[in-house]
Amino acid sequence: MGQAPVVYGQSNRPPRGDYSRASADYTCPQDYASYTEADHDTYRRLYERQCALLPGLASQAFIDALPLLGARDRIPRFEEVNERLYQATGWELVGVPGLIPEVPFFTLLANRKFPVTDWIRKPEEFEYIVEPDIFHDLFGHVPLLFNPVFADYVQRYGQGGLKAEGLGACEMLSRLYWYTIEFGLIREPAGLRAYGAGILSSSGELAHSVRSPEPQRLPLQLERTMRTRYKIDTYQQTYFVIDSFEQLFDMTAADFAPIYERLRGLPEFAADERDAVAA
């Protein structure tokens, strides 16, 4: 018997994906035979568009690792990516029908398994899709899993998520995921660059995050990040900047339990609330 669909935030429609295929840990085989030529063409066009936008905006580590995804004219097979990925960092991709609950998600990450939605958006959703699809998950997230330091950070996040769930602190930790793994910026020798998957898989937010004068960009600081709410339906108005993936990994070595306890009594920051310190 399959799992129930998962919803995050507010939506007027049920989640996409066939959850009847999901096993107890919410994973499912990639149903490669179900992809149509139109699906492969959508992936190809998305890939080509994003590749053209990367220079000067995306992290060099991401650009260097992107070819390791393999096929760019068709949806890659997970098992083929896994041959390279496991050898590089010990990670592997597992298929999921869509969004999954926090505990199964954290458990997969803690075990160096990255859940990838196995369906792709429809052509009419080319510019914007509400839920993550295979293009967002593969193109946005997977290249940096070939980076040993970043790969270790993602595993550490999963381990921390399991602890946070027991402490009732998932909301605070989810903000760290949002502002690093999904919408993080990094300062490289050549300038400010994006490394977050939500930015790297978006045609509009990539330039907005790096070059627009509108958003504020703050140095990543755990407590400020965990207190900051975020928007899921607009470009971000606040980004947090790191100097290296090593900094990100080292910052999450501490026990977060005292931090969670301290933050419970403090007010939150709105997603667009301005700060006196800018990166």
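Residues numbered from 1 in each chain as written. Predicted model: local features only at pLDDT ≥ 70, side-chain atom pairs only at ≥ 80, totals over all residues. Heavy atoms only, no water.

Could you clarify how one ought to interpret the overall build of the protein in this entry?
For the protein, the helix and strand inventory stands at twelve helices and six strands. Here the C-alpha atoms of the protein give a radius of gyration of 18 Å, agreeing with the 19 Å that 2.2 N^0.38 yields for 279 residues. Over its C-alpha atoms, taken along the principal directions, the protein stretches across nearly 50 × 45 × 40 Å. Partitioning the contacts of the protein with sequence separation of at least 6, the portion at a separation of at least 24 is 67%. If you sum the accessible surface of the protein, you get close to 12,600 Å²; carbon and sulfur atoms cover 53% of it. On the protein, the mean spot of the 28 positive side-chain charges and the mean spot of the 39 negative ones are 3 Å from each other. (Helix = DSSP H or I, 4+ residues; strand = E, 2+ residues; numbered from the N terminus. Rg over C-alpha atoms; globule rule 2.2 N^0.38 Å. Contact = heavy atoms within 4.5 Å. Areas by Shrake-Rupley, 256 points an atom, 1.4 Å probe, with all protein chains shown as cover. Lys, Arg positive; Asp, Glu negative; His and termini not counted. Charge placed at Lys NZ, Arg CZ, Asp CG, Glu CD.)

How should the sheet that holds strand 5 (residues 216–219) be read in this particular structure?
Hydrogen bonding along the main chain pairs the strands of a sheet, whether they run parallel or antiparallel. Pairing within the open sheet is mixed, and its four strands lie in the order 4-3-6-5. Each edge of the sheet is formed by a strand with only one pairing partner; in this case those strands are strand 4 (191–194) and strand 5. Neighbour-to-neighbour, the strand axes of this sheet turn through a mean angle of 35°, independent of strand direction. Pairing geometry for strand 3 (residues 185–188) and strand 4, over four bridges, is antiparallel. (Pairing = 2+ DSSP bridges. Axes fitted to C-alpha atoms, helices over the stretch in contact; angles between N-to-C directions.)

What exactly am I supposed to notice about the environment of E102 here?
With respect to the helices, strands and loops of the structure, E102 is situated in helix 4 (residues 102–110). Distance from E102 to S209, taken between C-alpha atoms, is 27 Å for residues 107 residues apart in sequence.

When you look at the nonpolar core in this model, what are you seeing that I'm missing?
Within soluble globular proteins, side chains that are nonpolar generally end up buried alongside one another. Core analysis: the largest hydrophobic core is formed by 80 residues, its most contacted members being L93, L138, F150 and M226. With eight residues, helix 7 (residues 170–182) is the single largest residue contributor to this core. For L93, the residues in contact, after removing those within four places along its chain, are F78, V81, N82, L85, F114, V116, L138 and V142. (Core = buried A, V, L, I, M, F, W, Y, C linked by side-chain atoms within 4.5 Å. Buried < 20%, exposed > 50% of the residue type's maximum accessible area, 1.4 Å probe, protein only.)

I would appreciate a short explanation of unusual backbone geometry in the present structure.
Most peptide bonds take the trans configuration, and most residues that are not glycine carry a negative phi. Phi at Y26 takes a positive value of approximately 75°, unusual for a residue other than glycine. Within the fold, Y26 resides in the segment before helix 1 (37–53). Taking the relative accessible area as the measure of exposure, Y26 reaches 9% and is therefore buried. Residues other than glycine seldom take positive phi values, yet R112 does so here, at roughly 55°. Among the structural elements, R112 can be located in the loop between helix 4 and strand 2 (113–117).

Looking at this structure, I do not really get the packing of helix 1 against helix 5 (residues 134–141). What am I missing?
In a pair of packed helices, the angle between the axes and the distance between the axes together describe the arrangement. The geometry of helix 1 relative to helix 5 is characterised by a closest axis approach of 11 Å and an angle of 35° between their N-to-C directions. As helix 1 runs across helix 5, the sense of the crossing is right-handed. In this structure, helix 1 contributes Y43, L46, Y47, Q50 and C51 to the contact, and helix 5 contributes F135, L138 and F139. Here the residues of the contact of helix 1 with helix 5 are counted per class, giving seven nonpolar, one polar and no charged. (Left-handed = near helix turned anticlockwise from the far one by under 90°. Nonpolar A, V, L, I, M, F, W, Y, C, P; charged D, E, K, R; others polar.)

Can you help me understand the packing of aromatic side chains in this one?
For any pair of aromatic rings, the description rests on two quantities: the centre-to-centre distance and the angle between the ring planes. Taken as a whole and assessed by the stated rule, the structure comprises 19 aromatic pairs. Judged by centre distance (5.7 Å) and plane angle (75°), the ring pair of Y43 and F135 falls under edge-to-face. Placement of the pair is Y43 in helix 1 and F135 in helix 5, with a sequence separation of 92 residues. The two residues Y43 and F135 agree in class, both being buried. Geometrically, the ring pair formed by F62 and F139 is edge-to-face, given 5.6 Å between the ring centres and 65° between the ring planes. Of the two residues, F62 sits in helix 2 (residues 60–65) while F139 sits in helix 5, which places them 77 residues apart along the sequence. Like F62, the residue F139 is buried in the burial classification. Aromatic ring contacts, followed pair by pair, group Y43, Y47, F62, F135 and F139 into a single cluster. Above the ring of Y32, the side-chain terminus of R77 is found at 3.8 Å from the ring centroid. The ring of F269 has R224 lying over it, and the distance from NZ or CZ to the ring centre is 3.8 Å. (Phe/Tyr/Trp six-rings, centres within 6.5 Å; stacked < 30°, edge-to-face > 60°. Lys NZ or Arg CZ within 6 Å of the ring centre and 35° of its normal.)

By themselves, these figures tell us nothing about what the structure is for.
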